[in-house]
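Listed below are the residues making up each chain.
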Amino acid sequence: MDEVVRREIILDNYQHPMHKGLVEDSSYIKKNTNNDSCIDNIDMMMKIKDGIIEDIVFDGEACSICTSATSILIRNLIGKTKEEAEIILNNYQNMINEKEYDKDILGELNVYDQVYKQPNRKTCALLPSRAAESILKESDK
Amino acid sequence: MNRDDFPILNGDFIYFDNSATTLKPKCVVDKMVDYYSKYTSNIHRGDYDNAIKTNEEYDRVRDIVKDFIHASDSKEIVFTSGATESLNMVAFGFFKNILKENDEVLLTMAEHASNVLPWQVLEKDGCGKVKYIPLDENHELTVENVKKAITSNTKVISIAHISNVVGDIRDIVEIGKICKEKNIYFVVDAAQSVSHIEVDVVKADVSFLAFSGHKMVGPTGVGVLYGKSELLKEMLPLKYGGGMNQSFEIDGSYLLKEAPIKFEAGTPPIAEVIGLGEAIKFIQRIGVAKIHEHEYSLKKYLLDALADMSNIVVYNKNSKSGIVAFNIKGVFPQDTSIYLNHYHIAIRAGNHCAKVLKEELNIKNTCRVSLYLYNTKEEVDKLIEVLKNSEDIFRVVI
């Protein structure tokens, strides 16, 4: 991917993140996630109906990588079934952790395929996927 | 100054994270290596030459610390693992046994976690109530506000000598006087001050004082708790074991040794204590007054430059220590610190363990530059230049 395009997508999602702002609605499941090794801290809320992710919102304080990744990941997950979402999360985490993954299902999330070069930022990129994963797990209960 | 004493500074590396931990001079490392390579042994037990040498080296440090903080007796010096452990010992070994439910513990919102959490835990156990002394418009603690916050229920005032984000120097001599008049226990967290300005426990009439070795060019894993003799006598150890007991019998009876030994169960960090002694000697050779003058002049130099930069917000212009808390407008502090790391400049981004300070500053996270004796004007110039060119920050960090 062209470096300029990559940076523009990340920066745009950092400076104007989508789905930012929590809602007062008990039909959402809410989770706080933070990193031990840095200061990223986000709250994520997800609404699941009939096995389909209807909406996700988030808020918090986080760096450019974490905030933008949250914005992009949320867009990728809305409208997906829980099973589809799990596959996306799994492939995204594999990409960040330098394991085998299917880039075709990650869409714009592919902008983070170079994050592994900065090991201390892997946790930033992974934070929203950890949040989404724990909400999906909770929804199984 | 004294840059040649710090081998780590030989290279393209600017270290501005001194409030987190300081760099170590070669003499401190050598002193510890000597213990490990020439005379390793345990303390207070052996009759052989190396054990006697270890005893001498270890015990001598108590006197060095005593003189350094102007305590009246080296028996008032307890070696701990650091300021955190020292403060926990004070809360759970002393105050837990005397605080009643309505006794007030006065802190400030700028305190480090280790001087807030233990008190909050005590409060949950029905021991005391935590209250915060209001800070002034510069987020600093004034003696006037201390006076105003005291009520007839105030039992303890526990504050940092220098706060670790705002960097204001609290007038502990004056506050100590007030505490004495009102019969209030006075606990001082000196982690950020003891290697930067003069600390005199007698002049300030403190009940307890805590600090860490690693923030004063010494090793990690060692620190000090100073306590007035009569209070250490009352204080209970949190750890029991070898070295600290006089006797224990099959019928369940036991007798503990006196302070400070009763607080040092098990084999202590011997090399670290010996290293701490060398660190204090190093600081004394330069003099804390000279260190403070140097770091504060660098802070003023940095502030002058930052004042001309419209993209920078500084949160603690007024404070008289070597700490500068700032943000680049519109940039998350972690991105700023990653950007500076690209130019081999080490700073810290975060809440700096002062998690209630956000209520004061209305912002959770900041970048913190903390200066020390080996920092130079040229290093500050480099920081200023990099911050001035920070319009390309996202090209660097993304």
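The model shown is predicted, which means the values in this text are computed figures rather than measured ones.

This next bit is on the packing of aromatic side chains. Residues and elements named next belong to chain B. Tallied over the full model, the rule gives 16 aromatic pairs over all chains. Judged by centre distance (4.9 Å) and plane angle (85°), the ring pair of F94 and F95 falls under edge-to-face. Of the two residues examined, F94 and F95, each falls in the buried class. Among the aromatic residues, those joined into a cluster by ring pairs are F94, F95, W119, Y185 and F208. Residue placement shows K53 over the ring face of Y39; its charged tip is 5.0 Å from the ring centre.

Our focus in this paragraph is the sheet that holds strand 4 (residues 129-132) of chain B. All names here are of chain B. One open sheet holds the seven strands; their spatial order is 2-8-7-6-5-3-4, and the pairing between them is mixed. Edge positions in the sheet fall to strand 2 (77-80) and strand 4, since each of these pairs with one other strand and no more. On average, each strand axis in the sheet is inclined to that of its neighbour by 20°, with strand direction left out of account. Packing against the sheet, helix 2 (residues 49-68) makes contact with strand 2, strand 7 (208-212) and strand 8 (223-227), and its axis sits at approximately 120° to strand 2.

Once that is clear, we can look at the pattern of salt bridges. All names here are of chain B. Counted under the stated rule, the structure contains 27 salt bridges over all chains. A salt bridge links D17 to R368, with the nearest nitrogen and oxygen atoms 3.9 Å apart. Taken together, the residues span a long stretch of sequence, with D17 in the loop between strand 1 (14-15) and helix 1 (26-38) and R368 in strand 15 (residues 366-370) at a distance of 351 residues. Residue classification places R368 among the buried positions, given a relative accessible area of 3%. Among the salt bridges present, the one from E278 reaches K281, with a minimum N-O distance of 3.5 Å. One end of the pair, E278, and the other, K281, are both in helix 8 (residues 270-286), three residues apart, so they sit about a helical turn from each other. Judged by relative accessible area, which is 12%, E278 ranks as buried. Because the salt bridges share partners, they merge into one network encompassing K31, K53, E57 and R60.

Moving on to a negative patch on the surface. Residues and elements named next belong to chain A. Taken together, the side chains of E83, E84, E86 and E133 make up a negatively charged region of the molecular surface. Broken down by element, the negative patch gets its largest block of residues, three residues, from helix 3 (residues 82-96). Positionally, E84 belongs in helix 3. Note on E84: relative accessible area 38%, which makes it partly exposed.

The subject of this paragraph is the confidence of the model for chain B. With 100% of its residues at a pLDDT of 70 or more, chain B has an overall mean of 95. The ipTM value of the predicted complex is 0.83, and its pTM value is 0.92.

Residue and element names in this part refer to chain B. The terminal C-alpha atoms of helix 3 (residues 83-94) lie 16 Å apart, and with twelve residues this matches the ideal 16 Å at 1.5 Å per residue to within 8%. Among all positions of helix 3, only A83, S86, L87, M89, V90, A91, G93 and F94 are buried. Where helix 3 is buried, its residues meet strand 2, helix 4 (117-124), strand 6 (185-189), strand 7, strand 8 and helix 7 (229-234).

Calculation notes
- Residues numbered from 1 in each chain as written.
- Chains lettered and ligands numbered in written order.
- Predicted model: local features only at pLDDT ≥ 70, side-chain atom pairs only at ≥ 80, totals over all residues.
- Heavy atoms only, no water.
- Phe/Tyr/Trp six-rings, centres within 6.5 Å; stacked < 30°, edge-to-face > 60°.
- Buried < 20%, exposed > 50% of the residue type's maximum accessible area, 1.4 Å probe, protein only.
- Lys NZ or Arg CZ within 6 Å of the ring centre and 35° of its normal.
- Pairing = 2+ DSSP bridges.
- Helix = DSSP H or I, 4+ residues; strand = E, 2+ residues; numbered from the N terminus.
- Axes fitted to C-alpha atoms, helices over the stretch in contact; angles between N-to-C directions.
- Contact = heavy atoms within 4.5 Å.
- Salt bridge = Lys/Arg side-chain N within 4 Å of Asp/Glu carboxyl O.
- Patch = residues over 30% accessible without salt bridge, like charges linked within 9 Å, V, L, I, M, F, W, Y side chains within 5 Å.
- Areas by Shrake-Rupley, 256 points an atom, 1.4 Å probe, with all protein chains shown as cover.
- Lys, Arg positive; Asp, Glu negative; His and termini not counted.
- Charge placed at Lys NZ, Arg CZ, Asp CG, Glu CD.
- pLDDT = per-residue confidence, 0-100.
- Expected span 1.5 Å × (residues − 1).

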